[in-house]
Amino acid sequence: MFIFALMAKPRTIFFCSSCGASSPKWLGKCPHCGEWNTFQEEIIQKETVSEEKRKSWAPAGPNGKSEAPKAVLLQQVETGRTVRLAAPDQELNRVLGGGIVPGSLVLIGGQPGIGKSTLLLQVAMKTPAKILYISGEESEEQIKMRADRVGEFKSECYILTETNTTKILQQAQELQPQLMIVDSIQTMSTPHLDSAPGGIAQVRECAGELLRFAKETNIPIFLIGHINKEGDIAGPKLLEHIVDCVLQFEGDRHNTYRILRTLKNRFGSTDEMGIYEMQSAGLREVSNPSELLLSQKDEELSGCAVAATMEGMRPMLIETQALVSKAVFGTPQRSATGFDMRRLSMLLAVLEKRCGYFFSINDVFLNLAGGIRVDDPAIDLAIVVSLISSLMDVSIPSNVCFAGEVGLSGEIRAVQRVEQRITEADRLGFKEIYVSKYGMKGIDPKRYGIRIQTLGKVEELKSALFV
Ligand code: TYD
Ligand code: MG
């Protein structure tokens, strides 16, 4: 009986792949996050902890003194010593809140083939510093082939193809790089656990080891993480809690634009975004997105309207396109690319109820140019205009743009940073901008070359544009 208890037997635990909660038994529904069918079995083997060790607060050092680090007074902590490492491109710098913070752990998630490895290889090649690029996915030759496509080296870039975190960290300790890149966290494994790489226990443990290394050595580390079909970073949502920043690299695979968004940032704002274009020689920064997101066309077509939106601190003019046509089948179709479907339904309902435009017998398709997704509510007004424009088959002049949020009672609400939107539209040569009349406080229309039209309700669009 006693001998049996001492025998090491593989211990398994069930982890929720959504939130990382653990349970000794399989459960159909996770009691923590409420997701169904997310529990997966993982083998973990922990060293048996002696009763002595469990009393971890007992002083362990010589003469009974603790060796633990001393707590310090927060007022006495010196600041201003942190110098951020400038990333080679302004888009990444902006997204990180002004450069790479020493000792930070940054996770970049994205679908396969979107360009995560390319982005970070460019960082590794172009940041003038000593960089260690660790790949668990590709061989040295494959990485070199990509590097040849991307351009010339400005850095001292070392490649290590290894998946064992202990060996990686030994090598990193020896090399003392100024930046480390791990491609990808799902391929890494730690020898302390028996479970397979990519499993929740492994990912968590490896991320934890890398985090400790980053904090102790002050070397910033970029992690690449895969995302699953639902768009979450594969397996562990808990990875998002461990790291300092979570960036998401997204875009339509059939489109060349890629967007880098901040989902979490301990050192900066989370509503920044960077735009890139995937070219045959790597990713190019797009510093002036509006000029690309406006389609160049000569004729004025119905169903198009330009929205003056903001992404983070950056104004961006985007073309919205709508197609409204007679439904062939009984139930009319609704489809939206780059815009929330429920919000589209709401706008259609507002137009029916407040303005008497009937969409219920029509199919409605909505598309934003460039494969971009917009969450800024100021895009509502342009969408409403493009919908009416397509329904009535009346075109809107291409030098007119819109910025306003539409409320449930059809009122046009003020949006933030109107001035910046107006300035950007003016700079790009627009002649007229429609904004909410409630957001004009402190704005002098005479200062701009662009004509500013104000609206209070969606009904007013009828007389302004569709007579
Ligand atoms: P990759 O960085 O391997 O994606 P991820 O690491 O996110 O899986 O990018 C792969 C895609 O990028 C691939 O479809 C080819 C394309 N690509 C270019 O178009 N130009 C280039 O210069 C490079 C290196 C890749
Ligand atoms: Mg890759």
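Cut-off values and rules
Residues numbered from 1 in each chain as written. Chains lettered and ligands numbered in written order. Predicted model: local features only at pLDDT ≥ 70, side-chain atom pairs only at ≥ 80, totals over all residues. Heavy atoms only, no water. Near = heavy atom within 4 Å. Polar contact = N/O pair within 3.5 Å; in protein donor to acceptor, adjacent residues only side chain to side chain. Areas by Shrake-Rupley, 256 points an atom, 1.4 Å probe, with all protein chains shown as cover. Patch = residues over 30% accessible without salt bridge, like charges linked within 9 Å, V, L, I, M, F, W, Y side chains within 5 Å. Salt bridge = Lys/Arg side-chain N within 4 Å of Asp/Glu carboxyl O. Buried < 20%, exposed > 50% of the residue type's maximum accessible area, 1.4 Å probe, protein only. Helix = DSSP H or I, 4+ residues; strand = E, 2+ residues; numbered from the N terminus. Pairing = 2+ DSSP bridges.

Student: Got a minute to help me understand the site of ligand 1 in this structure?
Tutor: Residues in contact with ligand 1 amount to 15 residues; listed here are only the nearest, Gly113, Ser117, Thr118, Gln279 and Gly282. Within the backbone of Gly113, one N or O atom sits 2.7 Å away from an oxygen atom of ligand 1. Within the backbone of Gly282, an N or O atom sits 2.6 Å from an oxygen atom of ligand 1. For ligand 1, whose accessible area on its own is 560 Å², the fraction buried by protein is 75%.

Student: Just to check I follow, could you spell out a nonpolar patch on the surface for this structure?
Tutor: Nonpolar side chains collect at one region of the surface, where Val72, Leu74 and Val77 lie side by side and expose about 320 Å² of accessible area between them. Classification of Val77 by relative accessible area gives partly exposed; the value is 41%.

Student: I keep staring at the pairing of strand E20 (residues 432-436) and nothing clicks. Help me out?
Tutor: Residues in a regular strand point their side chains to alternate faces of the sheet. Within E20, five of the five residues are buried, which leaves it mostly tucked inside the rest of the structure. With four bridges joining them, strand E17 (residues 400-403) and E20 adopt parallel strand pairing. What sits directly across from Val400, in E20, is Glu432. Relative to strand E21 (residues 451-455), E20 is paired through five bridges, and the arrangement is parallel. Along E21, the bridge assignment pairs Ser436 with Leu455.

Student: Would you mind showing me how to read unusual backbone geometry here?
Tutor: Negative phi characterises most residues that are not glycine, and trans characterises most peptide bonds. That bond from Asp183 to Ser184 is cis: its omega, -5 degrees, falls within 30 degrees of zero. When you line up the elements, Ser184 lands in the loop between strand E7 (179-183) and helix H7 (200-217). For Asn218, which is not a glycine, the phi torsion comes out positive at approximately 70 degrees. Relative to the helices and strands, Asn218 is located in the loop between H7 and strand E8 (221-226). A positive phi angle, near 60 degrees, is found at Asp393, a position not held by glycine. Note that Asp393 resides in the loop between helix H11 (380-392) and E17.

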